[in-house]
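Chain and residue survey
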Amino acid sequence: MTPTIETDRLHLRALRLDDAQATQLLFPHWEIVRFLNARVPWPYPADGAESFYRDVALPGVARGEEWTWAIEEKGGPEHLIGTISLRLRGEENRGFWLGQTWQGRGLMTEASDAVTDFWFNVLDKDVLRVAKAIGNASSRRVSEKQGMRLVGIVERDYVSGRLATELWEISRSAWNERWAARVKPWRIEDVST
């Protein structure tokens, strides 16, 4: 189950197939896709978002292997502005994208903090790992702000080609220590129902 999460500025809700229309408008831009896994087709097909949600993302959620949220800005447009997901995969547990209009405002750090807390304190996972192209400075800043540590560099294939890739991680104990004396500015819907 993908619970609803509220932060100061965002509403994170379970992804739906009808989110494909907004995604199809916001997602296929070079600045968004260039550092994504080479499995993302480029040029992006007219049915790319619907196909991905229908055939990959939503089945992963149904199998209990993935949690994917549509990111909505409170007081903003009545559609998603990006997505963030958690996956039960070795070195790539979290992934995200955000429409260009909303970048550079700390929104993805806000969303990432909330879903990272879900990973550790609801799903009870020990370590969160993320991989990112070295050139993806915005994504690196999210990891740095969260207190993650760089643990390795490998090569991976991206939409823009084969690139050096940083591997980052944070443990549950390091995450919880970071937030021990602070009020968490998010609320996770009761997932026991």
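This structure is a prediction, so every number in the text was calculated from the model and none was measured. (Residues numbered from 1 in each chain as written. Predicted model: local features only at pLDDT ≥ 70, side-chain atom pairs only at ≥ 80, totals over all residues. Heavy atoms only, no water.)

With that settled, the discussion passes to the overall build of the protein chain. Within the protein chain, the regular secondary structure consists of six helices and nine strands. Taking 193 residues into account, the globule formula puts the C-alpha radius of gyration at 16 Å, and the protein chain, at 16 Å, falls close to it. Taking the principal axes of the C-alpha coordinates as reference, the protein chain spans close to 45 × 40 × 35 Å. Among the 193 residues that make up the protein chain, the fraction classed as buried is 46%. As displayed, the protein chain has an accessible area near 9600 Å², and 50% of this comes from carbon and sulfur atoms. A distance of 4 Å separates the average location of the 26 positive side-chain charges in the protein chain from that of its 28 negative side-chain charges. (Helix = DSSP H or I, 4+ residues; strand = E, 2+ residues; numbered from the N terminus. Rg over C-alpha atoms; globule rule 2.2 N^0.38 Å. Buried < 20%, exposed > 50% of the residue type's maximum accessible area, 1.4 Å probe, protein only. Areas by Shrake-Rupley, 256 points an atom, 1.4 Å probe, with all protein chains shown as cover. Lys, Arg positive; Asp, Glu negative; His and termini not counted. Charge placed at Lys NZ, Arg CZ, Asp CG, Glu CD.)

Turning our eyes to something else, we now look at the packing of aromatic side chains. Considering all chains together, one arrives at ten aromatic pairs under this definition. Geometrically, the ring pair formed by tryptophan 67 and phenylalanine 118 is edge-to-face, given 6.4 Å between the ring centres and 65 degrees between the ring planes. One end of the pair, tryptophan 67, is in strand β3 (residues 66-73); the other, phenylalanine 118, is in helix α4 (residues 107-121), with 51 residues separating them in the sequence. Among the aromatic residues, those joined into a ring-pair cluster are Phe120, Trp175, Trp179 and Trp186. (Phe/Tyr/Trp six-rings, centres within 6.5 Å; stacked < 30°, edge-to-face > 60°.)

This part covers unusual backbone geometry. The linkage connecting tryptophan 42 with the following residue, proline 43, adopts the cis geometry, with an omega of 0 degrees. You can see proline 43 is positioned in the loop between α2 (30-33) and α3 (48-62). Phi is positive for aspartate 124, close to 65 degrees, though the residue is something other than glycine. Considering the arrangement of structural elements, one finds aspartate 124 in the loop between α4 and β6 (127-133).

With that settled, consider the side chain of glutamate 72. Within the element layout of this structure, glutamate 72 appears in strand β3. Given a relative accessible area of 16%, glutamate 72 falls into the buried group. In this structure the side chain of glutamate 72 is engaged in a polar contact, spanning 2.9 Å, whose partner is the side chain of arginine 13. Not counting residues within four places of it along the chain, the set of residues in contact with glutamate 72 comprises Arg9, Leu10, His11, Arg13, His79 and Leu80. (Polar contact = N/O pair within 3.5 Å; in protein donor to acceptor, adjacent residues only side chain to side chain. Contact = heavy atoms within 4.5 Å.)

Now for the pattern of salt bridges. The tally for this structure, following the rule as stated, stands at 19 salt bridges. In this structure, arginine 9 engages glutamate 110 in a salt bridge whose closest nitrogen and oxygen atoms are separated by 2.7 Å. Of this pair, arginine 9 sits in the loop between β1 (5-7) and β2 (10-14) while glutamate 110 sits in helix α4; the two residues are 101 residues apart in sequence, bridging distant segments of the chain. Classification of glutamate 110 by relative accessible area gives buried; the value is 14%. For the salt bridge of aspartate 19 with arginine 13, the shortest nitrogen-to-oxygen distance reads 2.6 Å. Classification of aspartate 19 by relative accessible area gives buried; the value is 4%. (Salt bridge = Lys/Arg side-chain N within 4 Å of Asp/Glu carboxyl O.)

In short, shape yes, function no, at least from these values alone.
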